[in-house]
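# Structure at a glance
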Amino acid sequence: DLLGGNYRITEFQAAILLVQLTRLDEQTKTRNENALYLSNRLSRIRGIEPLQRGPEITRHAYHLYTFRYSPEEFEGLPRSRFLEALKAEGIPCGSGYVPLYKERFMLNLAKDPLLSQLYGKKIDYSNVKLPATERACYEEGVWLFQSMLLGTREDMGDIVNAIAKIKENVKEILD
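Summarised in this report is the structure supplied together with it. Chains are numbered independently. Their residues run from 1 in the order of the written sequence. Selection of residues for local features in this predicted model requires a pLDDT of at least 70, selection of side-chain atom pairs for listing and counting requires 80 or more, and totals for whole chains, interfaces and linings are taken over all residues. Where side-chain values are given, they derive from all heavy atoms of the structure, hydrogens and water being excluded.

As a further point, take the overall build of the chain. Only DSSP runs of H or I with at least four residues qualify as helices, and only runs of E with at least two residues qualify as strands; both kinds are numbered from the N terminus onward. Looking only at helices and strands, one finds eight helices and three strands in the chain. Along the chain, helices (α) and strands (β) appear in the sequence α-α-β-β-α-α-α-α-β-α-α when read from the amino end. Every radius of gyration here is taken over C-alpha atoms, with the globule rule written as 2.2 Å times N^0.38, N being the number of residues. What you see for the chain is a C-alpha radius of gyration of 20 Å, clearly larger than the 16 Å of a compact globule of 175 residues, by over 25%. Seen through its principal axes, the chain has C-alpha atoms that stretch 55 × 45 × 30 Å. Only protein chains enter the accessibility calculation, which uses a 1.4 Å probe; a residue whose area is less than 20% of its type maximum is buried, one above 50% is exposed, and one in between is partly exposed. Looking at the chain as a whole, 32% of its 175 residues qualify as buried.

Pasting the structure below:
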């Protein structure tokens, strides 16, 4: 387990990328429009809070569209069950990352004498506790993938409708 790498792109990969880059502006525009639409519509559902986009942001890559899910507003439905229900409605989604300091390679830093020597001290993440980060990673964060944002306005409506349906039927899901 290592942190990062310095990989070089091959000529073949670069050729594919160059063709893909010709579509970047159009796709970015579509993702932005759909994300703004989703944020507007999803913010009307209690318990769903799209991440805020600052007024200084004029263009966003949206490699992910994330929102905060509040189990309390869904009768205590755990996020894992919410994600299952969303997938059952045909909406691909994910739970996101674990906190970086919980990754095995970070926990192993304390055991690496070279890194301790390099930093002049022992690095130990095993006792790190960041409650807001852990809540976001384990209980609240929901990810929609960038490819979904390339869909139609109707597709965005399907996402909103699926979440509204889960909210309306949460008691049945809990049973």
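Moving on from the model shown.
Should DSSP find at least two bridges between two strands, the strands are taken to pair. Pairing is antiparallel in the open sheet, where three strands are placed in the order E1-E2-E3. Strands with a single pairing partner mark the edges of an open sheet, and in this sheet they are strand E1 (48–50) and strand E3 (141–145). Each strand axis lies, on average, 30° off the axis of its neighbour in the sheet, ignoring direction. Pairing of strand E2 (residues 64–69) with E3 involves five bridges; the strand directions are antiparallel. Note on E3: the bridge partner recorded for Leu 64 is Phe 145. As a rule, the C-alpha atoms of each element are fitted with a line to give its axis, helices using only the stretch in contact, and angles between N-to-C directions run from 0 to 180 degrees.

Let us now look at the pairing of E2. When a strand is regular, its side chains alternate between the sheet's two faces. Most of E2 sits inside the fold, with five of its six residues counted as buried. Sheet topology places E1 next to E2; three bridges connect them, and they run antiparallel. Bridging across to E2, Ile 48 finds its partner in Tyr 69.

Turning our eyes to something else, we now look at the pattern of salt bridges. Where side chains of opposite charge bring their charged atoms close, a pairing between them can arise. We define a salt bridge as a side-chain nitrogen of Lys or Arg found within 4 Å of a carboxyl oxygen belonging to Asp or Glu. The tally for this structure, following the rule as stated, stands at nine salt bridges. Salt-bridge contacts for Arg 68 lead to Glu 49; the nearest nitrogen and oxygen are separated by 3.4 Å. Remark: Glu 49 occurs in strand E1 and Arg 68 occurs in strand E2; sequence separation between them is 19 residues. Since its relative accessible area comes to 37%, Glu 49 is described here as partly exposed. Within the structure, one salt-bridge network assembled from shared partners comprises Glu 49, Arg 68, Arg 135 and Glu 140.

The next subject is the environment of Glu 139. With respect to the helices and strands, the residue Glu 139 is situated in helix H6 (residues 131–140). Through-space distance from the C-alpha of Glu 139 to that of Arg 68 is 8.9 Å; in sequence the pair is 71 residues apart.

Residues other than glycine predominantly adopt negative phi, and peptide bonds predominantly adopt the trans conformation. Look at Tyr 62: it is not a glycine, yet its phi comes out positive at around 45°. Position of Tyr 62 relative to the elements: it lies in the loop between E1 and E2. Even without being a glycine, Glu 75 presents a positive backbone phi close to 60°. Structurally, the position occupied by Glu 75 is in the loop between E2 and helix H3 (79–88).

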